[in-house]
Amino acid sequence: MKWNVRIAASALAVIAGSSYAQTMDPLQLRSLAASCSNCHGTLGVAEAGNESLAGANKDEMLKKMLDFKTGKKPATIMHQLSKGYTDEQLAALAGYFSSLKK
Amino acid sequence: MMKRRQFVQGLGAAGSVGAFALTSGCASTPSGNGLKVVVVGGGYGGATAAKYVRMWSDYGIDVTLVEPSSAFVSCPLSNLVLGGTKTMADITTPYDNLVKRHGVRWVQDMALRIDADKRVVVLAKGGELPYDRLILSPGIDFMWDGLPGMAAPGAKDKVLHGWKAGAQTVALRKQLEAMPDGGVFALSIPLAPYRCPPGPYERACQVASYFSQAKPKSKVLILDANDDVTSKGPLFKKAWKDRYDGIIEYRPKHKLVDVDVATNTLKFEFNDDLKASVLNVLPEMRAGDIAVKSGLATANKRWCEVDFLTFESIAVKNVHVLGDSIQIAPAMPKSGHMANQHGKTCAAAVVALLTGRQPNPMPVYNNACYSFVSPEDVVHVTSVHRYDADKKTMLPVAGAGGVSSAANELEGRYALAWARNIWADTLA
């Protein structure tokens, strides 16, 4: 169990610290993030009923997305949508939304 | 408490953005960057594009939206107005925020034609709007030629489509209310592709839900030109069997070829004529008139082919087409959610092209579509689409997307949250 947690944590660190996440073109990342805003609001500030992403904790958000993707965390649609994004894209998105104002 | 806090935050955001838009608005006339974008059509695609061109040009590019309607009326959720659990007010959003917060200039008029050489849009009421780049999001229009009887005087006021939310939604609801108990509502569905693949099947559920409450001896007859239900098939069929047994009947392979409006009779290619109390005919669809008239409908003179990196027409330079008017990529639905995604992808590309930068070489976006099978319970379909540089089109990402396991009330609440959020992303 502990090992699993450590492995998961180090995997997160690798993804979050990957060159892709750090060097992804900012405008490309802005467009990628805008594909979330239909449901999660322009610049990640949502209307009532859906979760805002702006100002989220980067590591928590990435873990949640990866858990949706693996099926560890149940969802109505996010388990299906998260599978369409690479782990690197999810890490970049977590970084982007965490930097936005709540 | 929660609501109040969000309201206060919302005010703060509105205030600061409003102030920003005001200053840049003052600057934009003489000392903005002088670039002009005209957007034709204020639906999910066009309104989103207008807002995001303003935002992503730091309010430097001048944006004019040409839209004749006095407010935005959502097609998604409009079937609930037919079912009687939502009102037109519930699905209507004003254009005020595009103007006040984002400094979009709204011209309440129709675009009559495009002069691509002069780069102007000619308006119906007179006058021209010059553009550096034009974004057309005119939605769909109907191929009436395939239904000769619909050319009769008054035919289109009697046999309704209700496939552009607005006056026809209200009129169709009135026809349902006026129908005597024991009547038949016949819904004719055209061959795909058409706007909103699951929409007709959701409509059947909503009308049946209304009948089951108010007119229990009445029937809903679905006459589908397609070989089978085109979207969420097993989920809809389960809903019809479990919830509307004896009310909804589904008949595939019924291609409509004419309507006898005087006798309320549908005429099919191969099947017997069918008379019903209320006819709801969805004719075959094509790109909006302005796109077809302007030579943009390069695919069978019906849909507009575009470069999926920019949404620029393959036929006419500096003209971008998006939303339901385009020749879709594989597995890409004609939906409001998708049109909103087109709007943002196109806006980013237009800003890049006008400011000498490369458009995003790798767009990725998604679709989420909720259908109400009752006033509360919902089924969804999702997909993720990614640009394929070799095939030069958007392709669905294998392994992503899917449908609900069963209709459920939780997704009913998410569907309403989806609507609130996409209306805000598009218009606020």
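Residues numbered from 1 in each chain as written. Chains lettered and ligands numbered in written order. Predicted model: local features only at pLDDT ≥ 70, side-chain atom pairs only at ≥ 80, totals over all residues. Heavy atoms only, no water.

Caption draft 1: Structural context of the overall build of chain A. The secondary structure content of chain A amounts to seven helices and zero strands. Element order for chain A, N to C, with α for helix and β for strand: α-α-α-α-α-α-α. The burial tally for chain A puts 47% of its 102 residues in the buried class. For chain A, the share of sequence-separated contacts (at least 6 apart) that also reach a separation of at least 24 residues comes to 60%. (Helix = DSSP H or I, 4+ residues; strand = E, 2+ residues; numbered from the N terminus. Buried < 20%, exposed > 50% of the residue type's maximum accessible area, 1.4 Å probe, protein only. Contact = heavy atoms within 4.5 Å.)

Caption draft 2: Layout of the overall build of chain B. When helices and strands are counted, chain B shows eleven helices and 23 strands. At 22 Å, chain B has a C-alpha radius of gyration in line with the 22 Å of a compact globule built from 428 residues. With the C-alpha coordinates of chain B rotated into their principal frame, the extents come out at 65 × 55 × 45 Å. Buried positions account for 56% of the 428 residues belonging to chain B. Partitioning the intrachain contacts of chain B with sequence separation of at least 6 by distance along the chain shows that 67% fall at a separation of at least 24. Working note: accessible area of chain B is about 17,400 Å², and carbon and sulfur atoms make up 55% of it. (Rg over C-alpha atoms; globule rule 2.2 N^0.38 Å. Areas by Shrake-Rupley, 256 points an atom, 1.4 Å probe, with all protein chains shown as cover.)

Caption draft 3: Quick look at the sheet that holds strand E12 (residues 219–224) of chain B. Residue and element names in this part refer to chain B. As summarised here, the arrangement of the four strands in space is E13-E12-E11-E17, forming an open sheet in which the pairing is parallel. Strand pairing shows two members of the sheet lacking a second neighbour, strand E13 (248–251) and strand E17 (278–281), which therefore form its edges. Strand after strand, the sheet turns through a mean of 15° between neighbouring axes, direction not considered. Bridge count for E12 against E13 is four bridges, and the pairing is parallel. Opposite Val220, over in E13, you have Ile248 as the bridge partner. Packed onto the sheet, helix H6 (residues 167–178) meets strand E11 (184–189) and E17 and runs at close to 155° relative to E17. Against the sheet, helix H7 (residues 199–214) makes contact with E11, E12, E13 and E17, and its axis sits at roughly 175° relative to E11, the strand it touches most. (Pairing = 2+ DSSP bridges. Axes fitted to C-alpha atoms, helices over the stretch in contact; angles between N-to-C directions.)

Caption draft 4: Region of the structure containing the state of the cysteines. All told, the structure shown has zero disulfides over all chains when counted by the stated rule. Looking at the unpaired Cys36(A), the closest cysteine sulfur is the one in Cys39(A), lying at 8.9 Å. With no disulfide partner, Cys304(B) has as its closest neighbouring cysteine sulfur the one in Cys346(B), 13 Å distant. (Disulfide = S-S within 2.5 Å.)

Caption draft 5: Structural detail: the pattern of salt bridges. One pass over the full model with this rule turns up 16 salt bridges over all chains. The salt bridge involving Lys63(A) is made with Asp67(A); its shortest N-O contact spans 2.8 Å. In this pair, Lys63(A) and Asp67(A) both sit in helix H5 (residues 58–70), four residues apart, roughly one turn of the helix. The salt bridge involving Asp289(B) is made with Arg286(B); its shortest N-O contact spans 2.8 Å. (Salt bridge = Lys/Arg side-chain N within 4 Å of Asp/Glu carboxyl O.)

Caption draft 6: Region of the structure containing the sheet that holds strand E7 (residues 120–123) of chain B. Residue and element names in this part refer to chain B. The antiparallel open sheet is built from three strands, whose spatial order is E6-E7-E8. Each edge of the sheet is formed by a strand with only one pairing partner; in this case those strands are strand E6 (111–115) and strand E8 (128–130). This sheet shows a mean twist of 25° between the axes of neighbouring strands, independent of strand direction. Of the strand pairs in this sheet, E7 and E8 are connected by three bridges, and their pairing is antiparallel. Bridge pairing in E8 places Val120 opposite Pro130.

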